[in-house]
Amino acid sequence: MEENQATGNQKDVSNNEVITSLKRKNWKSYFKEFFMLFLAVFCGFLAENYRESLSAKKIEKEYILSLIEDLKTDTTNLSGYISFRKEKSVLMDSLAEMMLSEKRSIMGNQIYFLARQVFNDQAFFYSDGTIQQLKNAGNLRLLRKRNVVNELLTYEKKVKVLEEWDENDNKTKSTFREMGGKVFNSSELNATMDSEMRFVMPTSNPQLITADFGVINEIAFQIHYLSKMTKGNSLRAESLKSDAAQLLELIHSEYKLD
């Protein structure tokens, strides 16, 4: 009987050892499985972040290349804008001086020809497609170079200033248009532009419809004012063109573009 009890005790010990061994094995197995699962999730997270990073860089580059094209277009448009306004300023100064001259009666052809061109204009069209996309979609954050973003926003503000001055220019032209009927013969002025909207020099020496120097001086004043405003806008545009060129250089430098 004692032998049977001893044998039973040995079996219990053996079973306990087996159970303990299984527990140890299960704990190691669970830890290993947990670690492998954690590693798989972590690697997946890194891979996803890497893919997102590549995608963000690709989108950023597309925006940058688009910005470059917009700035190049602005530079071209500003060149035309500047040239037009410089010439127009000289033209209007000449017109005002002719109207104020005592010999204006023999300069009717030139006066009417130049007076019609006061209304001629060449606007600056801001190429803001890319920056509007960046702002509206909240994607300015994709541009990692914050100095580029800051300069881009500063450039946009300067464009708005130029547009405001252009609007003031249009308001002054409206005043000139309202006063023009007191000085110019409408039929003669209308004849200085043909059916294809080209300016035509009169040959009949048309005269002003008033000899009142006060009225003539008032409209000459408006022309001189327009001339200076036009010249001022050309100078603002030159400054803006310089800013566009500097912004292009900054973008090329920061993004290592050829």
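Read on for a plain summary of the structure.

1. Some thoughts on the overall build of the chain
Then, number 1: Scanning the chain for helices and strands turns up six helices and zero strands.
Then, number 2: Secondary structure elements of the chain, listed N to C terminal, follow the sequence α-α-α-α-α-α.
Then, number 3: Every one of the 258 residues in the chain was classed for burial, and the buried ones make up 33%.
Then, number 4: For the chain, restricting intrachain contacts to residue pairs at least 6 apart in sequence, the fraction spanning at least 24 positions comes to 85%.
Then, number 5: As displayed, the chain has an accessible area near 16,400 Å², and 55% of this comes from carbon and sulfur atoms.

2. Overview of the packing of aromatic side chains
Then, number 1: Following the criterion strictly, the structure yields five aromatic pairs and no others.
Then, number 2: Ring geometry for phenylalanine 119 against phenylalanine 176: centres 5.4 Å apart, planes inclined by 50°, an arrangement best described as tilted. In this pair, phenylalanine 119 sits in the loop between helix 2 (108–116) and helix 3 (129–136) while phenylalanine 176 sits in helix 4 (residues 146–180), placing the two residues 57 residues apart along the sequence.
Then, number 3: Accessibility expressed as a relative area gives 23% for phenylalanine 119, which makes it partly exposed.
Then, number 4: With a centroid separation of 6.4 Å and an interplanar angle of 55°, the aromatic rings of phenylalanine 176 and phenylalanine 184 are classed as tilted.
Then, number 5: Residue phenylalanine 176 is classed as buried on the basis of its relative accessible area, which comes to 1%.
Then, number 6: Grouping aromatic residues by their ring pairs yields a cluster made of Tyr112, Phe119, Phe176 and Phe184.

3. Quick word on the nonpolar core
Generally speaking, a soluble globular protein has its nonpolar side chains buried in company with each other.
Then, number 1: Residues Phe124, Leu143, Tyr155 and Ile251 are the most contacted members of the largest nonpolar core, which totals 28 residues.
Then, number 2: For this core, the secondary-structure elements that each account for two or more residues are helix 1 (2–100), helix 3, helix 4 and helix 6 (213–254).
Then, number 3: Counting residues per element, this core draws most heavily on helix 1, at eight residues.
Then, number 4: Setting aside its immediate chain neighbours within four residues, phenylalanine 124 contacts Asp74, Asn77, Leu78, Tyr81, Val159, Leu162 and Leu240.
Then, number 5: If you look at the next biggest cluster of nonpolar residues, it comprises 24 residues, including Leu95, Tyr112, Ala115 and Leu226.

4. Some details on empty space enclosed by the protein
Then, number 1: As enumerated under the stated definition, the model contains one cavity of 30 Å³ or more in all.
Then, number 2: For the largest cavity, the full set of lining residues is Leu67, Asp70, Leu71, Asp74, Tyr126, Ser127, Asp128, Thr130, Ile131, Leu152 and Tyr155.
Then, number 3: If one sorts the elements of the lining of the largest cavity by residue count, helix 1 sits on top with four residues.
Then, number 4: Of the residues that constitute the lining of the largest cavity, the class distribution is six nonpolar, two polar and three charged.

5. Description of the pattern of salt bridges
Then, number 1: Counted under the stated rule, the structure contains 11 salt bridges.
Then, number 2: Between glutamate 60 and arginine 144 there is a salt bridge, and its shortest N-O distance comes to 2.7 Å. Remark: arginine 144 occurs in the loop between helix 3 and helix 4 and glutamate 60 occurs in helix 1; sequence separation between them is 84 residues.
Then, number 3: The buried category is assigned to glutamate 60, whose relative accessible area is 2%.
Then, number 4: Where glutamate 196 meets arginine 198, a salt bridge forms, and the shortest distance between an N and an O atom there is 3.2 Å.
Then, number 5: Linked through salt bridges whose partners overlap, the residues forming this network are Arg85, Asp121, Asp166 and Lys173.

6. Brief notes about the packing of helix 3 against helix 4
Then, number 1: Axis separation between helix 3 and helix 4 bottoms out at 12 Å; the angle between their running directions is 120°. The two elements helix 3 and helix 4 meet at a crossing, and its hand is left-handed. On helix 4, the residues that touch Ile131, Gln132 and Lys135 of helix 3 are Leu152, Leu153 and Glu156.
Then, number 2: Of the residues assigned to the contact of helix 3 with helix 4, the class counts are three nonpolar, one polar and two charged.

7. As for the packing of helix 4 against helix 6
Then, number 1: Viewed as axis vectors pointing N to C, helix 4 and helix 6 meet at an angle of 165°, and their least axial separation amounts to 10 Å. Classed by the angle they form, the pair helix 4 and helix 6 counts as roughly antiparallel. Helix-helix and strand crossings are classified by hand; for helix 4 and helix 6 the assignment is left-handed.
Then, number 2: When its residues are assigned to classes, the contact of helix 4 with helix 6 shows 19 nonpolar, eight polar and nine charged.

Reading the values: rules and limits
- Residues numbered from 1 in each chain as written.
- Predicted model: local features only at pLDDT ≥ 70, side-chain atom pairs only at ≥ 80, totals over all residues.
- Heavy atoms only, no water.
- Helix = DSSP H or I, 4+ residues; strand = E, 2+ residues; numbered from the N terminus.
- Buried < 20%, exposed > 50% of the residue type's maximum accessible area, 1.4 Å probe, protein only.
- Contact = heavy atoms within 4.5 Å.
- Areas by Shrake-Rupley, 256 points an atom, 1.4 Å probe, with all protein chains shown as cover.
- Phe/Tyr/Trp six-rings, centres within 6.5 Å; stacked < 30°, edge-to-face > 60°.
- Core = buried A, V, L, I, M, F, W, Y, C linked by side-chain atoms within 4.5 Å.
- 1 Å grid on protein atoms, 1.4 Å probe; cavity = no way out; pocket = protein on both sides within 12 Å on 5 of 7 lines; lining within 4 Å.
- Points joined across faces, edges and corners; volume = space filled by probe spheres on them.
- Nonpolar A, V, L, I, M, F, W, Y, C, P; charged D, E, K, R; others polar.
- Salt bridge = Lys/Arg side-chain N within 4 Å of Asp/Glu carboxyl O.
- Axes fitted to C-alpha atoms, helices over the stretch in contact; angles between N-to-C directions.
- Left-handed = near helix turned anticlockwise from the far one by under 90°.
- Parallel < 35°, antiparallel > 145°, perpendicular 65-115°, else oblique.

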